[in-house]
Amino acid sequence: MAGLQQTNSEMILLSWVRQSTRNYPQVNVTNFTTSWSDGLAFNALLHSHRPDLFDWNTVVSQQSPVQRLDHAFNIGRQHLGIEKLLDPEDVATACPDKKSILMYVTSLFQVLPQQVTMEAIREVEMLPQHSRVTREEHIEVHEQHFSQEVSFSFLFSSCCSKVFCFPCPPHEFDI
């Protein structure tokens, strides 16, 4: 049940972000990892609710993702009271940490207007599921799979006098 609640919370949060950044053609947020690494999504989210704080075109023209991320985190700290929870260098990677991004975006959600339309939620539901899985999600799936194998093996061996060993199915993703 907790997993379902987390999924619903993430979907609502992603819907809010997509709805808020809809008018920024350079921004297309589809997840809480790679969509944030260039710094544009954080800045668009801030600018969509507080356009008085900075000039969007200046941010877009900044050279590096680290500069854009630093800009967004400084705006969040100075004007919204959100501590600089993330280091720009940690986000400007091929696959930033999902939980860290979620934590920061949730902090923004708490201080910025939160209206989310059903249309935005439906849009997120229709996003394609990514075939690439982050290392953390991969490990979590394998831990669950291993746990199920151990439970099954224990149950099977306690019911039967003879235990058969079945090979594990091939893993879809390599770490």
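The protein chain is annotated in an unreviewed UniProt entry as DMD protein from Elachura formosa.

(A) Expanded view of the pattern of salt bridges. Enumeration over the complete set of coordinates arrives at five salt bridges. Taking the shortest distance from any N to any O, the salt bridge between E123 and R22 comes out at 3.0 Å. Of this pair, E123 sits in helix α7 (residues 118–125) while R22 is found in the loop between α1 (2–20) and α2 (40–49), placing the two residues 101 residues apart along the sequence. A salt bridge links K84 to D70, with the shortest nitrogen-to-oxygen separation between them at 2.6 Å. With K84 in the loop between α4 (65–80) and α5 (88–91) and D70 in helix α4, this residue pair connects regions lying 14 residues apart in the sequence.

(B) Fine view of the side chain of R18. Note that R18 resides in helix α1. Taking relative accessible area as the criterion, R18 reaches 13% and is therefore assigned buried. Setting aside chain neighbours within four positions, we find R18 in contact with N28, V29, T30, E123, V124 and L127.

(C) Local environment of α7. Residues of α7 that are buried: A120, I121 and V124. In a view along the axis of α7, the buried residues occupy a sector of 100°, so they form one face of it. Facing away from the buried surface of α7 by more than 90 degrees, the exposed residues are M118 and E119.

(D) Helix α6 (residues 98–111), seen in detail. Between its first and last C-alpha, α6 extends 20 Å over 14 residues, near the 20 Å set by a 1.5 Å rise per residue. Buried within α6 are the following residues: I101, L102, Y104, V105, S107, L108 and F109.

Cut-offs used in this document
- Residues take numbers from 1 onward in each chain, read along the sequence in its written order.
- The predicted origin of the model limits local features to residues at a pLDDT of at least 70 and limits the giving and counting of side-chain atom pairs to 80 or more, whereas totals for whole chains, interfaces and linings rest on all residues.
- Side-chain calculation: all heavy atoms of the structure are included, whereas hydrogens and water are not.
- Each reported salt bridge corresponds to a side-chain nitrogen of Lys or Arg within 4 Å of a carboxyl oxygen of Asp or Glu.
- Strands are runs of DSSP state E lasting at least two residues, helices are runs of H or I lasting at least four, and both sets are numbered from the N terminus onward.
- Only protein chains enter the accessibility calculation, which uses a 1.4 Å probe. A residue is then buried if its area is under 20% of the maximum for its type, exposed if over 50%, and partly exposed in between.
- Residues are treated as being in contact if the distance between any of their heavy atoms lies within 4.5 Å.
- The arc refers to the directions leading from the helix axis to the C-beta atoms.
- One less than the residue count of a helix, multiplied by 1.5 Å, gives the span that helix is expected to have.

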